[in-house]
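Take a look at the letters that make up each chain.
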Amino acid sequence: MMGAENKGHDYEEAHLFASKEEMESLVLHEHPFNSNSNGNGNFFSSYGSAMSSSLPDSHHPLSSSVATAILTDSDPLLSPPPYPELHGPSSHDNSYIEPPSYADVIFSPFHGEDINSLESPSLSSINSPMSFSRTSSSNSEYIRITVSNPQKEQETSNSIVPGGNTYFTYLITTRTNIPEFVATEFSVRRRFRDVVTLSDRLAESYRGFFIPPRPDKNVMESQMMQKQEFVEQRRLALEKYLRRLSEHPMIKKSDELKVFLQVQGKLPLPTSTDVASRMLDGAVKLPKQLLGESTVAPHEVVQPAKGGRDLLRLFKELKQSMVNDWSGSRPLVVEEDKEFLEKKEKMHDLEQQLSSSSQQAESLVKAQQDMGETMGELGLAFIKLTKFENEEAVFNSQRARVLDMKNFATAAVKASRFYRELNLHTVKHLDALHGHLGLMLAVHSAFTDRTSALLTVQTLLTELASLQSRSEKLEAASSKVFGGDKTRIRKMEELKETMRVTEDAKNVAIREYERIKENNRIELERLDKERHTDFLSMLKGFVANQVGYAEKIANVWGRVAEETSGYVKESI
Amino acid sequence: MEHQPPPWSVSGSSQSPRSPSSQPYLHVSVIDPVKLGNGVQAYISYRVITKTNLPEYHGPEKIVIRRYSDFVWLHECLFEKYKGIFIPPLPEKNAVEKFRFTAEFIEMRRLALDIFLNRVASHHKLRQSEDLRTFLQVDEAVMERLRAHETGIFKKPVELMQIFKDVQSKVSNVVLGKEKPVEESNSEYEKLKHYVFELENHLAEAQKHAYRLVKRHRELGKSLSDFGKAMKLLGSCEGDSLGRAFSELGAKSDLVSVRLQKEAQQLLMNFEEPLKDYVLAVQSIKATIAERANAFRQHCELSETVKLKEINLEKLKLIHSDKMREAEDEYKEVKEASEKATRRYETMVRLMKEEIIQFQEHKTLDMGVAFHNFADGQARLANNMADGWRGLLAKLEA
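Position labels on residues start from 1 in each chain and follow its written sequence. For naming, the first written chain is A and the first written ligand is 1, with later ones following in the order written. Where local features are concerned, this predicted model is filtered to residues with pLDDT of at least 70; where side-chain atom pairs are given and counted, the filter is 80 or more; whole-chain, interface and lining totals use all residues. Only heavy atoms go into the side-chain values, all of them from the structure, while hydrogens and water stay out.

For chain B, an unreviewed UniProt entry supplies the name PX domain-containing protein and the organism Trapa incisa.

Chain A has the name PX domain-containing protein in an unreviewed UniProt entry, where Trapa incisa is given as its organism. UniProt positions are given in the numbering used here, feature names are shortened, and annotations may be inferred rather than shown by experiment. The UniProt entry for chain A carries the following text under Sequence similarities (unreviewed entry): "Belongs to the sorting nexin family."

As structure tokens, this is what we get:
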């Protein structure tokens, strides 16, 4: 028991912890515990709510700070120090107001969301480090898109279902300084269908590019969740998607995106028709195609056969692809670019590793979260115990224990907060993995564009070859008949015409194929570079966070260890 | 093997700070767990070493082999004979079959038994127990006989009589319609009882979270290790500097993961176990409280019986009945029993008062040590991690 009573005095100052610290509302009574003490010990200040969020909900106006971060040419990792108001006003606990360590710097800008609701670290509204690192190195142009304010609206056109079809629209706000846009800040309302349209039009215009995939339609899930949850999820997904689009150097300046973001009212982009009606249209045309000489118009050749209405073309290309696969003969043009084939392999490997890394990252995040939670629960249990012992204390030994316990419990709660904060940052950094995994879909699409363009070329070449042989046969036959058969001559001329058109189409197709190949190449380069930057920044950020928070946690416990060091010396 | 004082229990050290041989001393230790037997019959045996200069013992040093049920025997003997004293708790009997023979469990149990024995040997009353001497000195064969004889419902003859008497009085109470629970009306004692019961709940919860925290450390270690492996593989897809960076991250994650696993073990031994011990100690107090309630009831009932007998005797005296002699003998007998019961009860009250003070003091020390070890461990872990990651950060920046 030696020293226990002396300790009491020393503890007085140390115990005036920031009441602003958010802890559970347990009011511990003021207790003049010792006739020797001067009873003014406000030992047991009231605690606010404990186990909720790690950061107080001070809503920082994000845009200004982000803008500064982006507009300065410096490395975002070293941007200006943290907000002192992030932490409680009490200055007793100096561990908060210290020179900026890495952990403070890499804060997550909470964009007006209620932190308390963020139980699972799905903070896609946080600007990913991907855009941070990239935009800061470009020529200080920026564009920032926000999706908000979902509203229910009625379908005005005559719908089959009485009572009308309802759907949601979202307010899409853009802030930008890119000159191609008409203003610096503007908003439109769009529905999900519009996003599908945008995505389809982009896919057509930017064949061979790595276009970020749009959010799923998710019909099944929408039945399963609550409407609100679903709408919120969709809002987040849309925001993420539009932001990714706006980060792509070509797409951000595309007409389609510009129109989508700026034009009020109905989206003036041609809508995609569904598969059924396309097939229907195609079926209508088919008989005519079969009877007459069908040609593929050159302008149609720039789009793949699959999404179109030309059934005959679809069949031909299908046949061609089967010939490619099954017959022994080599098609007339093949994918020869060795570099590309190697790259494709690499992309495949990368995708696999990204997938497993992404999974492990999720587990890690969960483990960190759990650690923080349990630490907090332990702290809470001891706070309750402290309160209890304090109320019931009869002996001085108990009172001494109360002090120790309180120190301990407070430290545990603090450490718990740090773990949770660390986790929020970790999520943000490791998100680069998820992001790039998502992009693999875009890469697939782009490679598919290339493959289908090649198929079109091959089909046309085959067609041309067969037309050629028909023409030769016809010529040979007609040369035998003297005088020239009028029908035969006509047929030959038609054939020659068909051949010419097909030749044109072939040339266009080849040009398109080459174009797509080049797009692929450019994009692969771009992606590699971006991935490198993103991953490097991710690693740095992740590690810096670990350092920063480990330091903070070490600090907290170090002090408790010191304060209780007397016990260990005693027992030896 | 040198005896080392139990790491986290000050109250469990029977070492006296001064050790000139003139001072009486009794040092005990439990070491060398060995698995014996096969299959379902398998059990762990321990070596118990006693070093002493006390005359009641057979010599300066004695080594015997004991198993868990021997300790249980000792505990029960002490509980029976030293009412009012909080007998130091034993580690829990039941263990999940799967873990009964893991190295971790064996060591934890050995430690707990060592602490138990040390606490007994350092308690000013308990150390004088004859049963303790028996436990520390007799050979295994004798011990086995004692163990078989004592454990279970088999009670000594005296106790048997007591039970009958209890039942008897209870029955008569019921018949007479005054079946009310006889309890002390002492407000201070009431407060203590309430305190003890509440305390157990709080402690049990704290211990639960402490155990979970150990698990969390292990889980974090594992997921960090898996993450590191995935990062290494990812790095092999990228080239050059980035690939190297990934592989460094993977390596560092491994190291940190190992450190986390170590800390988990430390946490278990130095914090969760002491907390569990605390819970068990409180349960021991509850057992003593129950015993005191029994003692009080007996004291009350016998006092009543004495009064009745006295009245009866007086009646018989007046009418000069020949039953008087018999009644007088009975009266004397009951009076003696009643005085004994009252003494027993009062001893318990006195002892408990002292015990509670000791208990609180010991627990403050034990918890102080536990908090220190926890904080120290966490601080070291965090510093270790910070250093490790910092080194990596420097490399990445380059």
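The helix count covers DSSP runs of H or I at least four residues long, the strand count covers runs of E at least two residues long, and both are numbered beginning at the N terminus. Counting its secondary structure elements, chain B contains 8 helices and 3 strands. Ordered by position from N to C terminus, the α and β elements of chain B give β-β-β-α-α-α-α-α-α-α-α. For each residue, the accessible area found with a 1.4 Å probe, counting protein chains only, is set against the maximum for its type, and the residue is called buried under 20%, exposed over 50%, and partly exposed in between. Burial analysis of chain B (398 residues in total) assigns 47% to the buried set. Residue contacts follow a heavy-atom distance rule, with two residues in contact if any of their heavy atoms lie within 4.5 Å. A fraction of 73% describes how many contacts in chain B between residues 6 or more apart in sequence connect residues 24 or more apart. Reported accessibility uses the Shrake-Rupley method at a 1.4 Å probe radius. Residues are deemed covered only where the shown protein chains occlude them. Only carbon and sulfur atoms are counted for the fraction: they give 55% of the accessible area of chain B, which is about 20,700 Å².

Another point: the overall build of chain A. A tally of helices and strands in chain A yields 14 helices and 3 strands. Evaluated residue by residue, chain A yields a buried proportion of 49% over its 572 residues. A separation of at least 24 residues holds for 80% of the contacts in chain A among residues at least 6 apart in sequence. Per element, the accessible surface of chain A, about 27,600 Å² overall, is 55% carbon and sulfur.

Residue and element names in this part refer to chain B. Of all 10 residues making up strand 2 (residues 43–52), 7 are buried, and the element is well covered by its neighbours. Pairing geometry for strand 1 (residues 26–36) and strand 2, over 9 bridges, is antiparallel. Looking at the pairing, Leu 26 lines up with Thr 52 of strand 2. Between any two strands, at least two bridges found by DSSP are needed for them to pair. Bridge count between strand 2 and strand 3 (residues 61–67): 7 bridges; the pairing is antiparallel. By the bridge assignment for strand 3, Ser 45 is matched with Arg 67.

Before going further, it helps to spend a moment on the interface of chain A and chain B. Contact with chain A, which involves 65 residues of that partner, is made by 63 residues of chain B. Residues A:Arg531 and B:Glu238 are paired through a salt bridge, measuring 2.7 Å at the closest nitrogen-oxygen approach. Under the rule applied, a polar contact is a pair of N or O atoms within 3.5 Å (in protein, one hydrogen donor and one hydrogen acceptor; residues adjacent in sequence only if both atoms are side-chain atoms). Summed over the shared surface of chain A and chain B, the result is 14 residue pairs in polar contact (both at pLDDT 80 or more). Put simply, the parts of the chain that give the side of chain A that touches chain B at least two residues each are helix 11 (338–392), helix 12 (396–480), helix 13 (486–563) and helix 14 (565–571) of chain A. Throughout this description, the term salt bridge denotes a Lys or Arg side-chain nitrogen within 4 Å of a carboxyl oxygen of Asp or Glu.

We now examine the sheet that holds strand 2 of chain B. Strands pair in a sheet through their backbones, by hydrogen bonds, and they do so in one of two ways: parallel or antiparallel. Residue and element names in this part refer to chain B. Sheet architecture is open: 3 strands sit in the order 1-2-3, paired in antiparallel fashion. Each edge of the open sheet is held by one strand with a lone partner, namely strand 1 and strand 3. When strand polarity is set aside, the average angle formed by the axes of neighbouring strands in this sheet is 20°. Each of strand 1, strand 2 and strand 3 touches helix 3 (residues 130–137); the most contacted strand, strand 3, lies at about 90° to it. In this analysis, axes come from line fits to C-alpha atoms, helices being fitted only over the stretch in contact, and the angle between any two N-to-C directions falls in the range 0 to 180 degrees.

Soluble, globular proteins show a tendency: their nonpolar side chains are buried together. As used in this record, nonpolar core signifies buried Ala, Val, Leu, Ile, Met, Phe, Trp, Tyr and Cys residues forming a set joined through side-chain atoms within 4.5 Å. Formed by 109 residues in total, the largest nonpolar core has its most connected members in A:Phe382, A:Leu433, A:Trp557, B:Phe271 and B:Trp389. Per-element accounting of this core gives the leading share, 20 residues, to helix 12 of chain A. Residue ranges assigned to the domains are those given by an automatic or database domain assignment. Counting contributing residues per domain, this core is built from domain 1 (26–154) and domain 2 (166–397) of chain B, each supplying no fewer than three. Formed by 33 residues, the second largest nonpolar core is a distinct cluster that contains B:Tyr68, B:Ala121, B:Leu126 and B:Leu351.

Further remarks concern the UniProt feature "coiled-coil region" (unreviewed entry) in chain B. When the UniProt feature table is mapped onto this chain, "coiled-coil region" (unreviewed entry) is found at residues 317–344 of chain B. Annotation note: span residues 317–344 of chain B, helix share 82%, strand share 0%, distance between end C-alpha atoms 31 Å.

Moving on to helix 3 of chain B. Within helix 3 of chain B, 7 of the 8 residues are buried, leaving the element largely enclosed by the surrounding structure. Between the side-chain oxygen at the start of helix 3 of chain B and the backbone nitrogen of B:Asp131 there is a gap of 3.0 Å, and the oxygen is on B:Ser129.

The subject of this paragraph is the domain arrangement of chain B. Residues and elements named next belong to chain B. By the assigned domains, chain B splits into domain 1 (26–154) and domain 2 (166–397). Taken over C-alpha atoms, the centre of domain 1 sits 20 Å from the centre of domain 2. Between domain 1 and domain 2, the contact holds 18 residues from the first and 23 residues from the second. Together, the buried faces of domain 1 and domain 2 total about 1,800 Å²; carbon and sulfur atoms form 62% of this surface. Here the buried area means the combined drop in accessible surface, using a 1.4 Å probe, for two parts upon being joined, counting both sides. It is Lys 83, Phe 86 and Met 108 that lose the most area in domain 1 upon contact with domain 2, and together they represent 37% of the buried surface on that side. For Arg 119, the salt bridge is made with Asp 366, and the minimal N-O distance between the two is 3.4 Å. Taken together, domain 1 and domain 2 are joined by 7 residue pairs in polar contact (both at pLDDT 80 or more).

Here we come to the packing of aromatic side chains. Describing an aromatic ring pair means giving the distance of the ring centres and the angle of the ring planes. Two aromatic rings from Phe, Tyr or Trp, using only the six-membered ring of Trp, form a pair when their centres are within 6.5 Å; if the ring planes differ by under 30 degrees the pair is stacked, by over 60 it is edge-to-face, and anything between is tilted. By the definition in use, this model includes 25 aromatic pairs over all chains. Geometrically, the ring pair formed by A:Phe408 and B:Phe271 is stacked, given 5.3 Å between the ring centres and 25° between the ring planes. Note that A:Phe408 is positioned in helix 12 and B:Phe271 in helix 7 (residues 240–318), a pairing that runs across two chains. A relative accessible area of 0% places A:Phe408 in the buried class. Look at A:Phe418 and A:Tyr549: their rings are 6.1 Å apart centre to centre, the planes differ by 55°, and that puts the pair in the tilted class. With A:Phe418 in helix 12 and A:Tyr549 in helix 13, the pair connects residues that are 131 residues apart, well separated along the chain. Classification of A:Tyr549 by relative accessible area gives buried; the value is 2%. Here the aromatic cluster, defined as three or more aromatic residues joined through ring pairs, consists of A:Phe382, A:Phe408, A:Trp557, B:Phe271, B:Phe371 and B:Phe374.

All names here are of chain A. Residues with no salt bridge and a relative accessible area higher than 30% make up the patches, which join like charges within 9 Å and nonpolar side chains (Val, Leu, Ile, Met, Phe, Trp, Tyr) within 5 Å. His is not counted, nor are the chain ends, whereas Lys and Arg count as positive and Asp and Glu as negative. In plain terms, the charge of a residue is placed at NZ if it is Lys, CZ if Arg, CG if Asp and CD if Glu. Together, Glu 336, Asp 337, Glu 339 and Glu 342 make up a region of like negative charge exposed at the surface. Among the structural elements, Asp 337 can be located in the loop between helix 10 (311–326) and helix 11. You can call Asp 337 partly exposed: its relative accessible area is 33%.

Right, let's get into the sheet that holds strand 3 (residues 185–191) of chain A. Residue and element names in this part refer to chain A. With respect to topology, 3 strands assemble into an open sheet ordered 1-2-3, the strand pairing being antiparallel. Here the strands that pair on one side only, and so sit at the sheet edges, are strand 1 (143–154) and strand 3. Between one strand and the next, the sheet's axes are offset by a mean angle of 20°, whatever the strand orientation. Where strand 2 (residues 166–176) and strand 3 come together, 7 bridges link them in antiparallel fashion. When the sheet's bridge partners are listed, Tyr 170 is paired in strand 3 with Arg 190. Its contacts with the sheet put helix 5 (residues 192–205) on strand 2 and strand 3, and the angle it makes with strand 3 is roughly 100°. The sheet strands contacting helix 7 (residues 227–247) are strand 1 and strand 2, and the helix crosses strand 1 at an angle near 145°.

A word on the confidence of the model for chain A. One rule of thumb: low pLDDT means the predicted coordinates there are not for detailed reading. A score between 0 and 100, pLDDT records how confident the predictor is in each residue. On average, residues of chain A score 74 in pLDDT, and 69% of them reach the 70 mark or higher. Scored below 50 in pLDDT, residues 1–133 of chain A makes 228 contacts in the model with residues more than four places away or belonging to other chains.

In the Ramachandran plot, A:Asn149 falls in the positive-phi region, its phi being about 55° despite a non-glycine side chain. As for its placement among the helices and strands, A:Asn149 is situated in strand 1. Taking relative accessible area as the criterion, A:Asn149 reaches 39% and is therefore assigned partly exposed. Positive phi outside glycine occurs at B:Asp32, with the angle close to 55°. Tracing the backbone through its elements, the reader meets B:Asp32 in strand 1. Overall, the relative accessible area of 31% leaves B:Asp32 in the partly exposed class.

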